[in-house]
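A structural walkthrough
Here is what each chain is made of, one letter per residue.
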Amino acid sequence: MQIPSPGARVLLVDFWVPNWVAWQRDLPTLVEAYARYHEQGFEIIGFHLANSEPATVAAICAQNGMTWPQIVEARRLASQCGIAGEATNFLVDGTGKILARDVRGSELTSALRPVFSE
């Protein structure tokens with residue numbers, strides 16, 4: 001697994017659970033945004049929060065076109081970070097500043113467009 005480079009212009013830190021309906025609904029937007037902006041410096045790193053085997057997570061990712069790095073069984077890490085609930089995300093700029101939290105669907109697209117001059 002390769003961790004996103006510190007030179008990323010924007011990083012989405014995505015804590016996810018595969019059966020969370022809002023995450024399922026927004027997954028196509030994540031896949032599209034990654035495909036569109038990755039070469040320009042957009043990175044995603046996923047933190048899988050469910051108790052699943054790595055092979056199961058890999059299959060979910062492959063089936064859904066999630067080609068970005070994943071940390072499996074990250075519930076303990078999420079708890080240490082004060083993250084409660086099933087899923088959340090953070091949009092972070094290249095300096096580590098949190099730009100937004102819980103950006104979903106068109107909110108993510110709207111947040112990325114100005115960064116990549118669209």
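Residues numbered from 1 in each chain as written. Predicted model: local features only at pLDDT ≥ 70, side-chain atom pairs only at ≥ 80, totals over all residues. Heavy atoms only, no water.

Looking at the overall build of the protein chain
Here is the rule we go by: Elements are defined by DSSP. Helices are runs of H or I of four residues or more, strands are runs of E of two residues or more, and each kind is numbered from the N terminus. Think of it in three bands: with a 1.4 Å probe and only protein chains considered, a residue is buried below 20% of the maximum accessible area for its type, exposed above 50%, and partly exposed in between. The criterion used for residue contact is that any of the two residues' heavy atoms lie within 4.5 Å. Here the accessible surface of atoms and residues is derived via Shrake-Rupley with a 1.4 Å probe, and residues count as covered only by protein chains that are part of the display.
Scanning the protein chain for helices and strands turns up four helices and five strands. Among the 118 residues that make up the protein chain, the fraction classed as buried is 44%. For the protein chain, long-range pairs separated by at least 24 residues make up 72% of all intrachain contacts whose partners lie at least 6 apart in sequence. Accessible surface computed for the protein chain: about 6500 Å², of which carbon and sulfur atoms make up 52%.

Remarks on unusual backbone geometry
At aspartate 102, a residue that is not glycine, the phi angle is positive and equals roughly 55°. With respect to the helices and strands, the residue aspartate 102 is situated in the loop between strand S5 (98-101) and helix H4 (106-115).

Here's the deal with the confidence of the model for the protein chain
To be explicit about the condition: Confidence of the predictor at the level of single residues is given by pLDDT, which spans 0 to 100.
Across the protein chain, the average pLDDT comes to 85, with 90% of residues at or above 70. Mean pLDDT per element in the protein chain: helix H3 (residues 75-80) is the minimum at 73, and helix H2 (residues 54-64) is the maximum at 94.

Some words on the nonpolar core
Put simply, the test is: Note on terminology: a nonpolar core comprises buried Ala, Val, Leu, Ile, Met, Phe, Trp, Tyr and Cys residues joined through side-chain atoms within 4.5 Å.
Counting residues in each nonpolar core, the largest one holds 21 residues, and the members touching the most others are Leu12, Leu30, Phe42, Leu91, Leu108 and Leu112. Examining the composition of this core, we find that six residues originate from one element, helix H1 (residues 21-37), more than from any other. Beyond its immediate sequence surroundings of up to four residues, leucine 112 is in contact with Val10, Ala33, Tyr37, Phe42 and Leu91. Counting eleven residues, the second-largest nonpolar core is a separate cluster that includes Val17, Ile45, Ala78 and Val92.

A look at the packing of aromatic side chains
Inclusion rule: Stacked, tilted and edge-to-face are the three classes applied to pairs of Phe, Tyr and Trp rings, where Trp contributes its six-membered ring and a pair requires centres within 6.5 Å; stacked means planes under 30 degrees apart, edge-to-face means over 60, and tilted covers the rest.
Tallied over the full model, the rule gives five aromatic pairs. Seen in terms of ring centroids, phenylalanine 15 and phenylalanine 47 are 4.9 Å apart; in terms of plane orientation they differ by 20°. Their pairing is stacked. Of this pair, phenylalanine 15 sits in strand S1 (residues 10-16) while phenylalanine 47 sits in strand S2 (residues 42-48), and the two are 32 residues apart along the sequence. The same class applies to phenylalanine 15 as to phenylalanine 47, namely buried. Between the aromatic rings of phenylalanine 15 and phenylalanine 90, the centroid separation amounts to 6.4 Å while the plane-to-plane angle is 85°, which identifies the pairing as edge-to-face. Here phenylalanine 15, found in strand S1, pairs with phenylalanine 90, found in strand S4 (residues 88-93); they are 75 residues apart in sequence, far enough to count as distant.

Let's talk about the sheet that holds S5
Operational definition: At least two DSSP bridges between two strands are needed for those strands to be called paired.
Spatial strand order, S3-S2-S1-S4-S5: five strands in an open sheet with mixed pairing. The sheet is open, and its two borders are formed by strand S3 (70-71) and S5, each paired with just one other strand. By the bridge criterion, seven bridges tie S1 to S2 in an arrangement that is parallel. Paired with leucine 11 across the two strands is glutamate 43, which belongs to S2.

Description of the environment of phenylalanine 47
Judged by relative accessible area, which is 11%, phenylalanine 47 ranks as buried. It is 5.8 Å that separates the C-alpha atoms of phenylalanine 47 and glutamine 70, two residues lying 23 residues apart in sequence.

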